[in-house]
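Tertiary structure, described
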Amino acid sequence: MRFSIIQPILTTAAVVCSLSAVIQPVSVSAENSGLQLSECYVYDEAGVLTSEESVKLDELVYETAVDLQMNICVRLGANKLSSESDAREYAVADYLDRFGDEKETDGIALYLDLYGSYIDDTDYAPHDFIATHGIAQLYFTNGGDDRVSEIFSEMNPHMKRGEEDPYTAVQIFCQKLKTYYEEGIPKHYYVYDNEYDQYLYLDDATNQVVWSDSKPAYAARKQTLIAFGISFLVGLVVALVAMGIIHSHYRFKSKPSARIYIPSGKVQYGAKQDQFLTRHVSRVKVESEHSSSGGHSSSGSSSGGFGGGGNSR
């Protein structure tokens with residue numbers, strides 16, 4: 001008898017524990033970041049670096065990967081490209097070839113298009129790309145605070161057509177990676193990854209980066225407020241339209257004169273004049289929407305498991 005009562009309780013507890021394990025987001029730590037330092041180097045496909053420059057950049061990329069605990073690779077490409085999407089394909093392929101396609105792999109792949117320099121053609125329009133994977137998508141953002149675009153804006157002055165200096169550009173790239181990593185993940189920034197159909201974000205409660213099937217709570221709250229605001233505006237418009245229709249239906253055909261309320265011949269009229277000696281004007285400061293403060297949610301996008309962004313020169 002005692003066993004028959006306890007058994008359903010134990011079964012129910014086991015089911016609840018199993019469901020909670022499924023529902024809870026999965027934490028991402030540096031231990032399973034898939035770091036492969038032996039693959040963190042510069043591939044000078046275009047042959048534009050000297051031997052000394054190549055060695056120094058390899059060391060820099062390696063050290064940066066160690067500091068960030070993320071995979072980093074750079075390719076100075078010698079392939080003729082027609083668009084940023086071509087550059088993205090090379091960057092993604094380079095990352096996958098070196099570090100694999102594991103979900104937990106964190107890292108960055110930079111593809112710099114040196115085809116024009118390789119064939120000495122100053123009319124060629126180059127295309128570059130920074131591909132981010134895993135946690136790197138949160139540090140090197142492509143939405144809201146667009147850090148990927150900022151990295152390219154720092155590199156571009158050293159990559160002018162006919163005057164390319166990839167050695168300096170890659171140095172700047174590594175320095176900017178360290179800077180943004182030290183600044184941390186922007187507040188309330190999250191990424192939707194269509195490869196895994198999940199959201200990646202920094203959880204406020206645990207301060208851990210997590211994968212989840214649902215949006216973070218702060219993004220959900222923002223959507224609720226937006227939906228409420230839209231509903232309020234729609235309701236207000238409907239109410240104003242209804243009031244206009246009612247007013248139009250019941251208004252008088254012609255405006256009555258006040259004379260109909262005054263007995264004829266029994267009223268004397270007088271004149272009175274008000275003279276204002278001073279003028280007083282009240283001024284009220286109207287705050288600009290830009291002066292207000294408050295939290296916000298920003299988001300980025302990830303396609304095929306990779307975020308990042310392109311650059312055309």
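Residues numbered from 1 in each chain as written. Predicted model: local features only at pLDDT ≥ 70, side-chain atom pairs only at ≥ 80, totals over all residues. Heavy atoms only, no water.

Concerning the pattern of salt bridges
- Summed over the entire model, instances satisfying the criterion amount to nine salt bridges.
- The salt bridge involving Arg 75 is made with Asp 94; its shortest N-O contact spans 3.3 Å. You can see Arg 75 sitting in strand 3 (residues 71-77) and its partner Asp 94 sitting in helix 3 (residues 84-99), a full 19 residues away along the chain.
- Here Asp 94 falls in the buried class, since its relative accessible area comes to 6%.
- Asp 94 is the partner of Arg 98 in a salt bridge, and the nearest nitrogen-oxygen pair spans 3.4 Å. (Salt bridge = Lys/Arg side-chain N within 4 Å of Asp/Glu carboxyl O. Helix = DSSP H or I, 4+ residues; strand = E, 2+ residues; numbered from the N terminus. Buried < 20%, exposed > 50% of the residue type's maximum accessible area, 1.4 Å probe, protein only.)

Details of unusual backbone geometry
- For His 188, which is not a glycine, the phi torsion comes out positive at approximately 60 degrees.
- Residue position: His 188 is located in the loop between helix 7 (166-183) and strand 6 (189-193).
- Look at His 188 and you get buried, because its relative accessible area is 14%.
- One non-glycine residue, Asn 207, lies in positive phi territory at about 60 degrees.
- Among the secondary structure elements, Asn 207 is positioned in the loop between strand 7 (198-202) and strand 8 (209-212).
- When its relative accessible area of 54% is taken as the criterion, Asn 207 is described as exposed.

Some points on the packing of aromatic side chains
- Counted under the stated rule, the structure contains 10 aromatic pairs.
- Ring centres 5.4 Å apart and planes at 80 degrees place the aromatic pair Tyr 95 and Phe 306 in the edge-to-face group. Residue Tyr 95 is found in helix 3, and its partner Phe 306 is found in strand 10 (residues 306-312); the two are separated by 211 residues along the sequence. Here Tyr 95 matches Phe 306 in class, with each residue buried.
- On the numbers, 5.1 Å between centres and 50 degrees between planes, the contact of Tyr 192 with Tyr 199 is tilted.
- On the basis of relative accessible area, Tyr 192 is assigned to the partly exposed category, the value being 30%.
- Taken together, the aromatic side chains of Tyr 95, Phe 99 and Phe 306 make up a single cluster linked through ring pairs.
- The ring of Tyr 41 carries Arg 98 above its face, with NZ or CZ at 4.1 Å from the centroid.
- One Lys or Arg, Lys 103, reaches over the ring of Tyr 196 and ends 5.4 Å from the middle of that ring. (Phe/Tyr/Trp six-rings, centres within 6.5 Å; stacked < 30°, edge-to-face > 60°. Lys NZ or Arg CZ within 6 Å of the ring centre and 35° of its normal.)

Some remarks on the sheet that holds strand 4 (residues 107-113)
- In space, the five strands of this open sheet follow the order 2-3-4-5-10, with mixed pairing throughout. Only two strands of the sheet have a single partner each, and these edge strands are strand 2 (42-43) and strand 10.
- For strand 5 (residues 127-133) and strand 10, the ladder comprises seven bridges, and the chain directions are antiparallel. Looking across to strand 10, one finds that Phe 129 is bridged to Gly 310.
- On top of the sheet, helix 7 reaches strand 2, strand 3, strand 4 and strand 5; it is set at about 160 degrees to strand 3, its chief contact. (Pairing = 2+ DSSP bridges. Contact = heavy atoms within 4.5 Å. Axes fitted to C-alpha atoms, helices over the stretch in contact; angles between N-to-C directions.)

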